[in-house]
Amino acid sequence: MQNVQPTASHFINGAYVEDATGAAIDVVYPATGAVIATLHAATPAIVDQALAAAKAAQPVWAAMTGTERGRILRRAADMIRDRNRALSELETLDTGKPLQETLVADATSGADALEYFGGLAASLTGEHIQLGQDFVYTRREALGVCVGIGAWNYPTQIACWKGAPALACGNSMVFKPSETTPLSALKVAEILHEAGLPAGLFNVIQGRGDVGAALVTDPRVDKVSLTGSVPTGRKVYAAAAQGIKHVTMELGGKSPLIVFDDADVEDAVGGAILGNFYSSGQVCSNGTRVFVQKGIKERFLARLKQRVEAAVIGDPMDEATNFGPMVSAAQRDIVLGYIEKGQAEGARLITGGQRIDGDGFYLTPTVFADVTDGMTIAREEIFGPVMAVLDFDDEDEVIARANATEFGLSAGVFTRDLTRGHRVIGQLEAGSCWINTYNLAPVEAPFGGAKLSGVGRENSKAAIEHYSQLKSVYVAMGPVDAPY
Ligand code: NAD
């Protein structure tokens, strides 16, 4: 196993920095339970150092041309791709996700974001508004110092999805990864600086919620982007409101995936698998409420059971493995609790539901059928490999039931009826939707939630609006006409 102990816990002002007086954070490899690195949470002095560096570096960066900024981001994207295997192995050790996944979905997705926003940086502009002789022009300006706070499921991707648009727009960033998966963001910082990013513009500091809270409340911070749960989102949003800071909230979900009886069953089963078991179910946009029209229910369930039972569960470092452990023992136990509740409340266990013995945090992929809307497993975000299959009769009914949730992150529809696909998606209360596929999130498409699932959008040109602001400048061409 490679040595994953980083040079130091934090990356500030272009260099690794340690302060061993901070509380220890053990990094645990979820497949074995072994401690593979120990880091230290940021002390107040480290938080201050990171914010001071970000504050000092930002104006110089914003004054550079977009082309210059973009070139550095695109260089970093190339370096990430060149080092994809090593970065993916690190991501697998950090998260437990199978290498088969991390090789194609983590560092590569981060590189996509750096490439995309690097490419966009040179074309960020304001506009000219003619008003007779006078005119107004707008300047698209950076917000200043941005704080990024990450969840543990996609550590590299989250660091890049926040860092890339922030930097493209001329901001600086202090990023705090999840305390559960703190390693990869340090590599992103290292690579950005190797690619030529001036010191102080992308800083990484470690810590738990208290470090995140210290960042959010600091007056030097202009924007906070959080990926996390709804309860954390509420706290961070409220804290940011005290300083009227900009926010992006990428929060949880309990998304519907609707399978009509004219759907291609094989594709619908594939979509349900992608939308429930990728990353062992630890994906915010998962379609965990799978509504299946009664006409194809038994065919769907039979095929689903067959395919789910073919999952290769095992050593995440073995590229044949396609289903790994949960990120932590704590998360595994939370999920087991939901599985017990599902059974106690009368759902029919189709497959899975087992904890796998050993030191790793493994569960078998779990499917419940005959789930009803009121059951706990149909209402709460589980963030684990537990699919709830619900029956439905007709379109209006399923739309109403799909929307009867406080969340609104994602939604999917499987049907061969083109007009129905668009009609139904148009009525679902969700930010990121799919027709006849599930969970694809290319950087070119906006990503984000409605309702409790969040505010703001990541990726695409839409993210630019969340990392920049417009200054409007009125220019008079004639005399000033004052009343006295
Ligand atoms: P979490 O809410 O427990 O933690 C998220 C981050 O917030 C961590 O870095 C944590 O240290 C930090 N934090 C906690 N309390 C804080 C506070 N008071 N102030 C500032 N920061 C604080 O979430 P998690 O368990 O790491 O991740 C799982 C959750 O994230 C799920 O709900 C999932 O749906 C959601 N998620 C959403 C998206 C999305 O894009 N919408 C993506 C991935 C995960």
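Residues numbered from 1 in each chain as written. Predicted model: local features only at pLDDT ≥ 70, side-chain atom pairs only at ≥ 80, totals over all residues. Heavy atoms only, no water.

### So, the packing of helix α14 (residues 395-403) against helix α15 (residues 418-427)
(1) Moving on: Running from N to C, α14 and α15 point in directions that differ by 35°, and their axes come no closer than 10 Å. Where α14 crosses over α15, the two elements pack in a sense that is right-handed. In this structure, α14 uses E395, I399 and N403 to contact α15, whose residues at the interface are R420, R423, V424 and Q427.
(2) Moving on: In terms of residue class, the contact of α14 with α15 is made up of two nonpolar, two polar and three charged. (Axes fitted to C-alpha atoms, helices over the stretch in contact; angles between N-to-C directions. Helix = DSSP H or I, 4+ residues; strand = E, 2+ residues; numbered from the N terminus. Left-handed = near helix turned anticlockwise from the far one by under 90°. Contact = heavy atoms within 4.5 Å. Nonpolar A, V, L, I, M, F, W, Y, C, P; charged D, E, K, R; others polar.)

### Notes on the packing of helix α2 (residues 66-82) against helix α7 (residues 184-194)
(1) Moving on: Viewed as axis vectors pointing N to C, α2 and α7 meet at an angle of 125°, and their least axial separation amounts to 8 Å. One element, α2, and the other, α7, form an angle in the oblique class. As for how α2 packs across α7, the hand of that crossing is right-handed. Together, I72, L73, A76, M79 and I80 of α2 and I191, L192 and E194 of α7 make up the contact between the two elements. (Parallel < 35°, antiparallel > 145°, perpendicular 65-115°, else oblique.)

### A short note on the packing of aromatic side chains
(1) Moving on: All chains considered together, the criterion is met by seven aromatic pairs.
(2) Moving on: Judged by centre distance (5.1 Å) and plane angle (70°), the rings of W152 and F383 are edge-to-face. With W152 in the loop between β7 (145-149) and α6 (155-168) and F383 in the loop between α13 (376-379) and β16 (386-392), this pair connects stretches of sequence that are 231 residues apart. (Phe/Tyr/Trp six-rings, centres within 6.5 Å; stacked < 30°, edge-to-face > 60°.)

### Some details on the site of the ligand
(1) Moving on: The local shell around the ligand holds 28 residues, among which G150, E179, S229, T232 and E381 are the closest.
(2) Moving on: Within the side chain of K176, an N or O atom sits 2.9 Å from an oxygen atom of the ligand.
(3) Moving on: E250 is positioned such that a nitrogen or oxygen atom in its side chain is 3.4 Å from a nitrogen atom of the ligand.
(4) Moving on: For the ligand, whose free accessible area comes to 850 Å², the fraction covered by protein is 87%.
(5) Moving on: Counting residues per element, the ones that place at least two in the shell around the ligand are α8 (209-217), β10 (223-227) and α9 (230-242).
(6) Moving on: Grouping the constituent residues of the shell around the ligand by class yields 12 nonpolar, 10 polar and six charged. (Near = heavy atom within 4 Å. Polar contact = N/O pair within 3.5 Å; in protein donor to acceptor, adjacent residues only side chain to side chain. Areas by Shrake-Rupley, 256 points an atom, 1.4 Å probe, with all protein chains shown as cover.)

### Focus on the sheet that holds strand β18 (residues 410-414)
The strands that make up a sheet pair up through hydrogen bonds in the backbone, lying either parallel or antiparallel.
(1) Moving on: With mixed pairing, the seven strands of this open sheet are ordered in space as β14-β15-β16-β13-β12-β18-β19. The sheet is open, and its two edges are formed by β14 (348-351) and β19 (432-435), each paired on a single side. Along the sheet, successive strands turn relative to each other by an average axial angle of 20°, direction set aside.
(2) Moving on: Here four bridges tie β18 to β19, and the two strands are oriented parallel to one another. Counterpart to A411 in the pairing with β19 is C433. (Pairing = 2+ DSSP bridges.)

### Focus: the sheet that holds strand β5 (residues 128-131)
(1) Moving on: Spatial strand order, β5-β6-β22: three strands in an open sheet with antiparallel pairing. This sheet does not close on itself; its edge strands, each paired only once, are β5 and β22 (468-475). Ignoring strand direction, the axes of neighbouring strands in this sheet form an average angle of 20°.

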